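These are the residues of each chain, in order.
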Amino acid sequence: MLSERRLEVLRAIVQDYVGTEEPVGSKALTERHKLGVSPATVRNDMAVLEEEGFIAQPHTSAGRIPTDKGYRLFVDRLAGVKPLSAAERRAIQNFLDGAVDLDDVVGRTVRLLAQLTRQVAVVQYPSLSRSTVRHVELLSLAPARLMLVLITDTGRVEQRMIDCPAPFGENPLADLRARLNSRVVGRRFADVPQLVQDLAESFDLEDRPAVAVVLSTLLETLVEETEERLMIGGTANLTRFGHDFPLTIRPVLEALEEHVVLLKLLGEAKESGGMGMTVRIGHENAHEGLNATSVVSVGYGSGDEAVAKLGVVGPTRMDYPGTMGAVRAVARYVGQILAES
C-alpha cells in the first residue's frame, strides 16, 4: 500500500503531465504543489512509485510520466468526477433540447461530447432488445397494401410496407390494430413473439392470411432492429494528440473504424452494472489498436435501466475528472430527453 504522501505525489505527477504534456521532475513538483516536504523526499517517493510501476522514465535525464497502472490508481483512488459549470450544463440542455427525433438526439450527443471533451465521442443507439413497444399503427394505403409503423419507448420509429395476399377491409384492420396494441404496448421486444403467436387464429378465416403477413412483418422488424448501431464523431481531435501515440495514430483510427470493436468496448462496460461509469485504461482495452488510449463510458436511459452506452476515446494522458464529469452529465440529459419523448 502506498502512503498518503506518495499518493499525493502521484496525483501531482498525473495532473502536471496531463496539463503540460511534459515529463515531470521532482523540482517542478515541489515548486508547483504544496507537498510540505523537500525535493529530496519527493525524489525518494518518485523512486518508490517508479519501482512499483506507477510512473516511468520515458528517456534518460527526463522527468517521469504516469503508466497505465498509475492512471488506474489515480482514477480509482484519487480522481473525483469534476462537475460541469452551470453555463456548461445550460449549453448541453439547450443544444439537446433542439433535437427533433432519435437520429438527431444521437447526432447532437456525439457532436456535443466531442466538443466538451475534445476527444473521440461514441454513442450507441438505444438497443431495441432492451426497448418496449409504445404503439403499433396500421394504415391502409390500398385495398391490399398496408403500412406498419412501430414506435418504441426510446423514440425510434420504424415503417414497413406490407402487401397482403387479398384485400383487407377497414373493420378487420381496426380490429387487428386494437387487439395488437392491447397485447404488445409496454411489453419488451423479446416478449412480443409469444404474445402474438395465436392472434391470427382469433380472426375470420378469410382475414387470417393478411393478419399472418402483418404479424410476420412486425416480428421481422423487431429482429432487424435489435442489431446494434452506433455513431462516432470528433475523430479529428486525435490529431491534436499525435505525440501521445507511440508510433502513429493509424492503429487507433483503424480500431475506431471497426464498429464491432467499439460496441464490444461499450458492451463490456454494460455488463458491469447498467448506468455505472467504466474507465478502461491503455492495455486494459483488449484491442491492440487501442492500447495507447483510454475509454470512458457510461449507460444512459430513462429511469434506472440503461438502454445503451455513450463514451469517449482519447489518449491515456487524459483529464479523467473532467472527461468523466462531461460523459456523466451528457448521459443524464440524454436520458431525460428519452424519458420525455
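Conventions we followed
Residues numbered from 1 in each chain as written. Predicted model: local features only at pLDDT ≥ 70, side-chain atom pairs only at ≥ 80, totals over all residues. Heavy atoms only, no water. Phe/Tyr/Trp six-rings, centres within 6.5 Å; stacked < 30°, edge-to-face > 60°. Helix = DSSP H or I, 4+ residues; strand = E, 2+ residues; numbered from the N terminus. Lys NZ or Arg CZ within 6 Å of the ring centre and 35° of its normal. Axes fitted to C-alpha atoms, helices over the stretch in contact; angles between N-to-C directions. Parallel < 35°, antiparallel > 145°, perpendicular 65-115°, else oblique. Contact = heavy atoms within 4.5 Å. Nonpolar A, V, L, I, M, F, W, Y, C, P; charged D, E, K, R; others polar. Pairing = 2+ DSSP bridges. 1 Å grid on protein atoms, 1.4 Å probe; cavity = no way out; pocket = protein on both sides within 12 Å on 5 of 7 lines; lining within 4 Å. Points joined across faces, edges and corners; volume = space filled by probe spheres on them.

This next bit is on the packing of aromatic side chains. Applying the stated criterion to the full structure yields one aromatic pair. Seen from their ring centres, tyrosine 71 and tyrosine 320 are 5.6 Å apart, and the 50° between their planes marks the pair as tilted. With tyrosine 71 in helix 4 (residues 68-78) and tyrosine 320 in helix 12 (residues 320-340), this pair connects stretches of sequence that are 249 residues apart. Arginine 108 extends its terminal NZ or CZ atom over the ring of phenylalanine 95, reaching a point 5.3 Å from the ring centre. The ring of tyrosine 125 carries the charged tip of arginine 229 above its face, separated from the ring centre by 4.0 Å.

What follows covers the packing of helix 1 (residues 4-20) against helix 3 (residues 39-51). Pairs of packed helices are described in terms of their axes, by the angle between the two and the distance that separates them. At a minimum axis separation of 10 Å, helix 1 and helix 3 run at an interaxial angle of 85°. Overall, the two elements helix 1 and helix 3 adopt an arrangement that is roughly perpendicular. Residue-level inspection shows Arg5, Arg6, Val9, Leu10 and Ile13 of helix 1 in contact with helix 3, the latter providing Thr41, Val42, Asn44, Asp45, Met46, Val48 and Leu49. Split into classes, the residues belonging to the contact of helix 1 with helix 3 amount to seven nonpolar, two polar and three charged.

With that out of the way, let us pick up the sheet that holds strand 4 (residues 133-142). Judged by pairing direction, the sheet is antiparallel, and its three strands sit side by side in the order 4-5-6 without closing on themselves. The outermost strands of the open sheet, each flanked by one partner alone, are strand 4 and strand 6 (157-163). Looking at each pair of strands side by side, their axes are set apart by 20° on average, direction ignored. For strand 4 and strand 5 (residues 145-152), the ladder comprises eight bridges, and the chain directions are antiparallel. In the sheet register, serine 140 faces strand 5, and the bridge partner there is leucine 146. Set on the sheet, helix 7 (residues 170-184) makes contact with strand 4 and strand 5; between it and strand 4 the angle comes to about 170°.

What follows deals with the sheet that holds strand 9 (residues 293-300). Within the open sheet, the five strands sit side by side as 7-3-10-9-8. Their pairing is antiparallel. Of all strands in the sheet, those bounded by a partner on one side alone are strand 7 (230-233) and strand 8 (277-281). Averaged over all neighbouring strand pairs, the angle between strand axes comes to 15°, with direction disregarded. Together, strand 8, strand 9 and strand 10 (308-315) form the strand contacts of helix 12, whose direction differs from that of strand 9 by roughly 25°.

A separate point is the environment of arginine 145. Position of arginine 145 among the secondary structure elements: in strand 5. Residue contacts for arginine 145: discarding those within four places in its chain leaves Leu139, Ser140, Met161, Ile162 and Asp163.

Right, let's talk about the layout of surface pockets for a bit. Space inside the second largest pocket adds up to approximately 390 Å³. Forming the walls of the second largest pocket are 18 residues, and the residues nearest its centre are Leu116, Thr117, Gln119, Asp319 and Thr323. Contributing elements (two or more residues each) for the lining of the second largest pocket: helix 6 (102-117) and helix 12. In terms of residue count, helix 12 provides more of the lining of the second largest pocket than any other element does, three residues in total. Split by residue class, the lining of the second largest pocket holds seven nonpolar, four polar and seven charged.

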